[in-house]
Amino acid sequence: MQSDLIAAEREAKMPKAIVLLLAWLLHQPVWAEKTLLFYSEAGQRPFSYEENGLPKGLYIDSLQRILKTLPAYRVEIRFAPWARALEEVKSGNAAAIVGVYHRPDERPFLLHSKPIFAEEVAVHCNRDAVAGRQFSQYPEDFAGLRFGNQRAYLAPGPRFFEMARAGQLTLVEGIEFHDLVKKMLVGEIDCVVNPSIVINEALVTLEARGLPERMRAKSKRIMTVKTESVHLGFSRKYEEKHPELARFRELFDQGLSR
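Quick caveat: nothing in here was measured; it's all calculated off a predicted structure. (Residues numbered from 1 in each chain as written. Predicted model: local features only at pLDDT ≥ 70, side-chain atom pairs only at ≥ 80, totals over all residues. Heavy atoms only, no water.)

Peer 1: What exactly am I supposed to notice about the state of the cysteines here?
Peer 2: Chemically, a disulfide is nothing more than a covalent bond linking the sulfur atoms of two cysteines. In this structure the tally under the stated criterion is one disulfide. Covalent S-S linkage joins Cys125 and Cys191, the inter-sulfur distance amounting to 2.1 Å. Residues Cys125 and Cys191 are joined by a disulfide whose S-S torsion is about 100 degrees; by sign, that bridge is right-handed. Within this pair, whereas Cys125 is found in strand 7 (residues 117-126), its partner Cys191 is found in strand 10 (residues 191-195), the two being separated by 66 residues in sequence. The residues Cys125 and Cys191 share a single accessibility class, namely buried. (Disulfide = S-S within 2.5 Å. Helix = DSSP H or I, 4+ residues; strand = E, 2+ residues; numbered from the N terminus. Buried < 20%, exposed > 50% of the residue type's maximum accessible area, 1.4 Å probe, protein only.)

Peer 1: I would appreciate a short explanation of the packing of helix 3 (residues 58-67) against helix 9 (residues 245-257) in the present structure.
Peer 2: Relative placement of two packed helices is described by the angle separating their axes and the distance separating the axes. The contact between helix 3 and helix 9 brings their axes to 9 Å, and the two run at 105 degrees. Comparing their axes, helix 9 and helix 3 come out roughly perpendicular. Touching Leu63, Arg65, Ile66 and Leu67 of helix 3 are Phe248, Phe252, Gly255 and Leu256, all from helix 9. Here the residues of the contact of helix 3 with helix 9 sort into six nonpolar, one polar and one charged. (Axes fitted to C-alpha atoms, helices over the stretch in contact; angles between N-to-C directions. Parallel < 35°, antiparallel > 145°, perpendicular 65-115°, else oblique. Contact = heavy atoms within 4.5 Å. Nonpolar A, V, L, I, M, F, W, Y, C, P; charged D, E, K, R; others polar.)

Peer 1: Would you take a moment to explain the pattern of salt bridges for this structure?
Peer 2: Pairing between side chains of opposite charge can happen when the charged atoms of each approach one another. Under the defined criterion, the tally for this structure stands at 13 salt bridges. Notably, a salt bridge pairs Arg216 with Glu207, separated by 3.0 Å at the nearest N-O pair. In this structure Arg216 comes out as partly exposed when scored by relative accessible area, which is 31%. Notably, a salt bridge pairs Arg249 with Glu239, separated by 2.7 Å at the nearest N-O pair. Separated by ten residues along the polypeptide, Arg249 in helix 9 and Glu239 in helix 8 (residues 236-241) bring together distant segments of the chain. Take Arg249: its relative accessible area is 21%, and that puts it in the partly exposed class. You can call Glu239 buried: its relative accessible area is 16%. By sharing partners, the salt bridges in this structure join Arg103, Lys226 and Glu228 into a single network. (Salt bridge = Lys/Arg side-chain N within 4 Å of Asp/Glu carboxyl O.)

Peer 1: When you look at unusual backbone geometry in this model, what are you seeing that I'm missing?
Peer 2: Leaving glycine out, the prevailing phi sign among residues is negative, and the prevailing peptide bond configuration is trans. Look at the link from Arg45 to Pro46: it is a cis peptide, with omega at 5 degrees. Tracing the backbone through its elements, the reader meets Pro46 in the loop between strand 1 (35-41) and strand 2 (49-51). The omega angle of the peptide bond from Tyr138 to Pro139 is 0 degrees, so this bond is cis rather than trans. Tracing the sequence through the fold places Pro139 in the loop between strand 7 and strand 8 (146-150). Backbone geometry at Asn52 places phi at a positive 55 degrees, although glycine is not the residue there. Exposure remark for Asn52: the relative accessible area of 76% places this residue in the exposed category. The backbone of Ala152 sits at a positive phi, close to 75 degrees, despite the residue not being glycine. Summarising the element assignment, Ala152 is placed in the loop between strand 8 and helix 5 (158-165). The class of Ala152 is partly exposed, set by a relative accessible area of 30%.

Peer 1: Please explain the packing of aromatic side chains as it appears in this structure.
Peer 2: Within the structure shown, the criterion is met by 15 aromatic pairs. Relative to Tyr153, the ring of Tyr101 has its centre 6.2 Å away and its plane inclined at 50 degrees; by these criteria the two rings are tilted. Taken together, the residues span a long stretch of sequence, with Tyr101 in strand 5 (residues 96-101) and Tyr153 in the loop between strand 8 and helix 5 at a distance of 52 residues. For Tyr101, a relative accessible area of 6% translates into the label buried. (Phe/Tyr/Trp six-rings, centres within 6.5 Å; stacked < 30°, edge-to-face > 60°.)

Peer 1: Hey, could you run me through the packing of helix 6 (residues 177-186) against helix 7 (residues 196-208) in this one?
Peer 2: Where helix 6 meets helix 7, the axes come as close as 9 Å, and the angle between the chain directions of the two elements is 80 degrees. When the axes of helix 6 and helix 7 are compared, the pair comes out roughly perpendicular. Facing helix 6, whose interface residues are Phe177, His178, Val181, Lys182 and Leu185, helix 7 presents Val198, Ile199, Ala202, Leu203, Thr205 and Leu206. Tallied by class, residues from the contact of helix 6 with helix 7 come to eight nonpolar, two polar and one charged.

Peer 1: Sorry if this is basic, but what is going on with helix 3 here?
Peer 2: Buried within helix 3 are the following residues: Tyr59, Ile60, Ser62, Leu63, Ile66 and Leu67. Along helix 3, the residues classed as buried sweep out an arc of 160 degrees about the axis, all on the same side. (Arc of directions from axis to C-beta.)

Right under this line is the structure:
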């Protein structure tokens with residue numbers, strides 16, 4: 001009883017501002033000082049890349065615009081090849097991956113945010129490999145061609161992968177997209193599927209690395225496949241261990257709606 005009276009007396013003497021501050025602190029996220037680890041694809045200009053040690057790109061800009069409205073959370077962005085970035089999130093080692101398309105059936109280990117971006121995905125081919133061919137339907141009209149694709153990259157679509165499994169087209173997997181574009185230019189593969197802006201940036205990068213400028217003319221844009229919405233993909237496994245992530249997801253989506 002006496003201890004309760006002493007506590008009440010101390011509280012009465014406590015400045016009102018301090019009482020209000022304590023009440024505010026009690027209502028902050030329990031992990032306000034915890035850093036959330038996000039992964040993003042390395043070298044995917046102009047969407048996702050590292051420059052002078054800093055994260056850059058259109059995806060990163062969209063992400064950081066929302067993060068500025070969430071000062072209680074800190075986010076560390078690491079870059080890795082696409083397949084590895086996905087694996088880190090799938091295994092629960094990271095909270096989220098930046099820049100995934102909406103594929104809930106193929107990637108049930110992810111919880112998707114509202115869209116942060118939209119982009120057109122297109123087929124580009126070595127013009128010599130497709131000379132004389134007519135294209136109106138994707139992917140059926142591309143039967144017999146050799147496609148390069150980054151491991152775990154699903155943009156080519158379900159029908160494309162069905163045709164690859166059936167041997168109706170050849171799928172050559174790679175890690176770095178620039179390497180696949182180079183293979184297309186020199187004729188080791190025939191086509192790639194990716195946003196045109198990414199392919200154009202890959203051409204610029206390859207030229208900076210010594211590829212003759214005339215090789216750019218080998219790349220021919222054939223057709224747009226579709227428009228994809230781009231999201232943050234949050235790790236279900238991470239959220240099982242850190243349920244507080246659900247609150248961050250909610251706040252992030254609210255920020256996108258503003």
